[in-house]
Amino acid sequence: MEILEYRLQSAGSLHTPVKRRLMRDFRWLQDPPVDVSGAPSENNVMQWNAVIFPNKPPTVRFLPKMFHPNVYADDSIGVDMLQNRWSFEDTTYDVSSLLTSIQSLLDEPNPNSPASSQTVQLYQENKCESEKRVSATVEQS
């Protein structure tokens, strides 16, 4: 998840409607929107710190090297859920469903969505040898 941090600064005197407005906005923190937070600095109500969590899917990479038709050279995995369907507003897809999807893809590679032409070719031509290469790669790591 990518996090963006911002500093907001307002011009204005502490004895103006600006201060009243900022104090009213500060009460917003009791029930903030999803993926957004903010608060005034400790010493200056006119200077706020805010954090916005962009609505991006998580990044998934294998730490051990992988030899698999749906794993890219950088060890990321081609899971449709991460590329087309992930949304923080939609709770249909969560970490549990993501891991289940990855497990399923590891068990049953999708040759129609290859991340590596070499591994998908071996998988299609010789599944037994492909499985040996997968096991050997995992054992090496």
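Throughout this document, residue positions are counted from 1 along each chain, in the order its sequence is written. Since the coordinates come from a predicted model, pLDDT governs what is reported: local features require at least 70, and pairs of side-chain atoms require 80 or more to be given and counted, while whole-chain, interface and lining totals use all residues. Where side-chain values are given, they derive from all heavy atoms of the structure, hydrogens and water being excluded.

**Observations regarding the pairing of strand β2 (residues 36-40)**
So, point 1. Sheet analysis places β2 next to strand β3 (residues 47-52), joined by five bridges and oriented antiparallel. Looking at the pairing, Ala39 lines up with Asn49 of β3.
So, point 2. Counting the residues that bridge the hairpin from β2 to β3 gives six residues. Pairing between strands requires that DSSP locate at least two bridges from one strand to the other. What counts as a helix is a DSSP run of H or I of at least four residues, what counts as a strand is a run of E of at least two, and both are numbered from the N terminus.

**Side note on the nonpolar core**
So, point 1. Counting 12 residues, the largest nonpolar core is built from Val60, Phe62, Met66, Val71, Ile77, Val79, Met81, Leu82, Tyr93, Leu98, Ile102 and Leu105.
So, point 2. Counting only elements with at least two residues in this core, the list comes to α2 (80-85) and α3 (95-107).
So, point 3. Considering every element that reaches this core, the biggest residue donor is α3, with three residues.
So, point 4. If we ignore the near neighbours within four places in the chain, the residues touching Ile102 are Val60, Phe62, Ile77 and Val79. What we call a nonpolar core is a set of buried Ala, Val, Leu, Ile, Met, Phe, Trp, Tyr and Cys residues that are connected through their side-chain atoms within 4.5 Å. Only protein chains enter the calculation, and the probe is 1.4 Å; a residue is then buried if its accessible area is under 20% of its type maximum, exposed if over 50%, and partly exposed in between. Any pair of residues with heavy atoms lying within 4.5 Å of one another is described as a contacting pair.

**Overview of the pattern of salt bridges**
Pairing between side chains becomes possible if they bear opposite charge and their charged atoms approach one another.
So, point 1. In the sections that follow, a salt bridge refers to a side-chain nitrogen of Lys or Arg positioned within 4 Å of a carboxyl oxygen of Asp or Glu. The tally for this structure, following the rule as stated, stands at two salt bridges.
So, point 2. Notably, a salt bridge pairs Arg61 with Asp74, separated by 3.3 Å at the nearest N-O pair. With Arg61 in the loop between β3 and α2 and Asp74 in the loop between β3 and α2, this pair connects stretches of sequence that are 13 residues apart.
So, point 3. Of the residues examined, Arg61 reaches a relative accessible area of 46% and is grouped as partly exposed.
So, point 4. You can call Asp74 partly exposed: its relative accessible area is 41%.

**Some remarks on the packing of helix α4 (residues 117-125) against helix α5 (residues 127-140)**
Each pair of packed helices can be described by the angle between their axes along with the distance between the axes.
So, point 1. Each axis is a line fitted through C-alpha atoms, and for a helix only the stretch in contact is used; angles between axes span 0 to 180 degrees, taken between their N-to-C directions. Taken N-terminus to C-terminus, the directions of α4 and α5 make an angle of 135°; their axes are 5 Å apart at the nearest point. As summarised for this structure, α4 and α5 are arranged oblique, according to the angle between their axes. On α5, the residues that touch Gln118, Leu122, Tyr123 and Glu125 of α4 are Lys127, Glu129, Ser130 and Arg133.
So, point 2. Split into classes, the residues belonging to the contact of α4 with α5 amount to two nonpolar, two polar and four charged. Any angle that is under 35 degrees is reported as roughly parallel, and any over 145 degrees as roughly antiparallel; angles of 65 to 115 degrees are reported as roughly perpendicular and all others as oblique. Gly falls in the polar group here, along with every residue not listed as nonpolar (Ala, Val, Leu, Ile, Met, Phe, Trp, Tyr, Cys, Pro) or charged (Asp, Glu, Lys, Arg).

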